[in-house]
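Given next are the chains, with one letter for each unit.
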Amino acid sequence: MSLHDDAVLVLKGYEGQPELRDVYLEHLAAHPDGVYKPCTAGHVTGSALVIDPAGGRVLLTLHRKLGMWLQMGGHCEPGDATLADAALREAREESGIAHGLALLPGGPVRLDRHPIPAPCHWHLDVQYAALAPAEAVAEISDESLDLRWFRYDEVAGVADESVVRLLEATRARL
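Residues numbered from 1 in each chain as written. Predicted model: local features only at pLDDT ≥ 70, side-chain atom pairs only at ≥ 80, totals over all residues. Heavy atoms only, no water.

S.K.: Whenever I open this one, the packing of helix H1 (residues 3-13) against helix H2 (residues 18-30) confuses me. Can you help?
M.R.: A pair of packed helices can be characterised by two numbers: the angle between their axes and the separation between those axes. It is the contact of H1 with H2, at a shortest axis distance of 10 Å, that shows an interaxial angle of 155 degrees. In terms of axis orientation, H1 runs roughly antiparallel to H2. The handedness of the crossing between H1 and H2 is left-handed. Contact residues: His4, Ala7, Val8, Leu11 and Lys12 in H1; Arg21, Tyr24, Leu25 and Leu28 in H2. Classifying every residue of the contact of H1 with H2 by side-chain character gives 6 nonpolar, 1 polar and 2 charged. (Axes fitted to C-alpha atoms, helices over the stretch in contact; angles between N-to-C directions. Helix = DSSP H or I, 4+ residues; strand = E, 2+ residues; numbered from the N terminus. Parallel < 35°, antiparallel > 145°, perpendicular 65-115°, else oblique. Left-handed = near helix turned anticlockwise from the far one by under 90°. Contact = heavy atoms within 4.5 Å. Nonpolar A, V, L, I, M, F, W, Y, C, P; charged D, E, K, R; others polar.)

Here you go:
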C-alpha cells in the first residue's frame, strides 16, 4: 500500500471534523502526489504533539522559519509507509527523543489546514499525539530555534490556537 492509499484510509476512518476531512479526501482524490511537498496545490503533512501526561507537560519547538511555538511535524517522505510513521519520525527528529515515543492509540487527534507561502498553498496537517516516557531528555534539532517543555496551562500563552486545540483534544483522549 502506498502512503497516498494509507492517507485515504486514515482519513476515511477519522470521525472528527467531517467537513475538513472531506476537503483532505477531495485533495487526495484530485492529486495522486498530494502527500508530498512537490504538490503545489497543497500537501498532507504529519505532526505529533509530544506529551508527558505524568508530568502534565508538552514539548514544543520554536520553529526556525515561522518563529512560532508548534508541535513537532513536517513533510511526508518517500520512506514513510504511513501517515503515523511520518508523524512519529518527525516527532523523534525534532524532539531528539530517539527512544520511547509512542503515538497515542486511536489514530489522528485533529486535522489542521493552514496556508503556507508559494509555491505551495496549503498544508493539510494530520495531527497525532506522541506519549513521551517520564525520563525523556529532549535535544534541539537544527530545524528549531528552541525546544522547551511547557505545563498544560502555559501553552495558550505561547502557542497559537491550533496548538491549544490539539492539546485540548489530546487531553480529552487520554
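Now that the structure has been shown, the text picks up again.
S.K.: Would you mind showing me how to read the nonpolar core here?
M.R.: Generally speaking, a soluble globular protein has its nonpolar side chains buried in company with each other. One finds Val50, Leu83, Leu101 and Val126 to be the most contacted residues of the largest nonpolar core, which totals 31 residues. For this core, the elements supplying multiple residues, two or more each, are H1, H2, strand S1 (43-52), helix H3 (83-95) and strand S7 (122-131). Of all hydrophobic cores here, the second largest spans 18 residues; its members include Val58, Leu70, Val109 and Val155. (Core = buried A, V, L, I, M, F, W, Y, C linked by side-chain atoms within 4.5 Å. Buried < 20%, exposed > 50% of the residue type's maximum accessible area, 1.4 Å probe, protein only.)

S.K.: Just checking my understanding: could you explain the environment of Leu83 for this structure?
M.R.: The topology assignment puts Leu83 in helix H3. Residue class for Leu83 comes out buried when judged on its relative accessible area of 0%. In this structure the C-alpha to C-alpha distance between Leu83 and Pro53, which are 30 residues apart in sequence, comes to 23 Å. If sequence neighbours within four positions are ignored, Leu83 has contacts with Leu3, Asp6, Ala7, Val10, Val44, Cys76, Val126 and Tyr128.

S.K.: Which parts of the structure should I look at to understand H3?
M.R.: Structurally, the α-helix is built with 3.6 residues per turn, so residues lying three or four positions apart point the same way. A rise of 1.5 Å per residue sets the reference length of H3, with its 13 residues, at 18 Å; its end C-alpha atoms lie 18 Å apart and thus fit the reference within 8%. Among the residues of H3, those classed as buried are Leu83, Ala86, Ala87, Leu88, Arg89, Glu90, Ala91, Glu94 and Ser95. Downstream of H3 by one or two residues, Gly96 has phi in the positive range, about 75 degrees. (Expected span 1.5 Å × (residues − 1).)

S.K.: What's the story with the pattern of salt bridges in this structure? I'm lost.
M.R.: Once the charged atoms of two side chains with opposite charge are near each other, the side chains can pair. If you walk through the whole model with that rule in mind, you get 10 salt bridges. Between Arg57 and Asp52 there is a salt bridge whose closest N-O contact spans 2.7 Å. For Arg57, a relative accessible area of 22% translates into the label partly exposed. The partner of Asp80 in a salt bridge is Arg89, with the nearest N and O atoms 2.8 Å apart. Linked by salt bridges that have partners in common, Glu77, Asp80, Arg89, Glu90 and Glu93 make up one network. (Salt bridge = Lys/Arg side-chain N within 4 Å of Asp/Glu carboxyl O.)

S.K.: Which parts of the structure should I look at to understand the pairing of strand S2 (residues 57-63)?
M.R.: Consecutive residues of a regular strand have side chains that alternate between opposite faces of the sheet. S2 sits mainly inside the fold: 5 of its 7 residues count as buried. When S1 meets S2, the two strands line up antiparallel, connected through 3 bridges. By the bridge assignment for S2, Val50 is matched with Leu59. Connecting S1 to the antiparallel partner S2 that follows it, the hairpin turn spans 4 residues, and Gly56 within it adopts a positive phi of roughly 60 degrees. Summarising the sheet, S2 and strand S8 (residues 144-151) pair through 7 bridges and their orientation is antiparallel. Note on S8: the bridge partner recorded for Val58 is Phe150. Of the pairings in the sheet, the one linking S2 to strand S3 (residues 69-70) comprises 2 bridges and is antiparallel in character. If you follow Thr61 over to S3, its bridge partner there is Leu70. Here S2 hands over to S3 after 5 residues, with Gly67 in that stretch at a positive phi of 65 degrees. (Pairing = 2+ DSSP bridges.)

S.K.: Would you mind going over the side chain of Ser144 with me for this structure?
M.R.: The topology assignment puts Ser144 in strand S8. You can call Ser144 buried: its relative accessible area is 2%.

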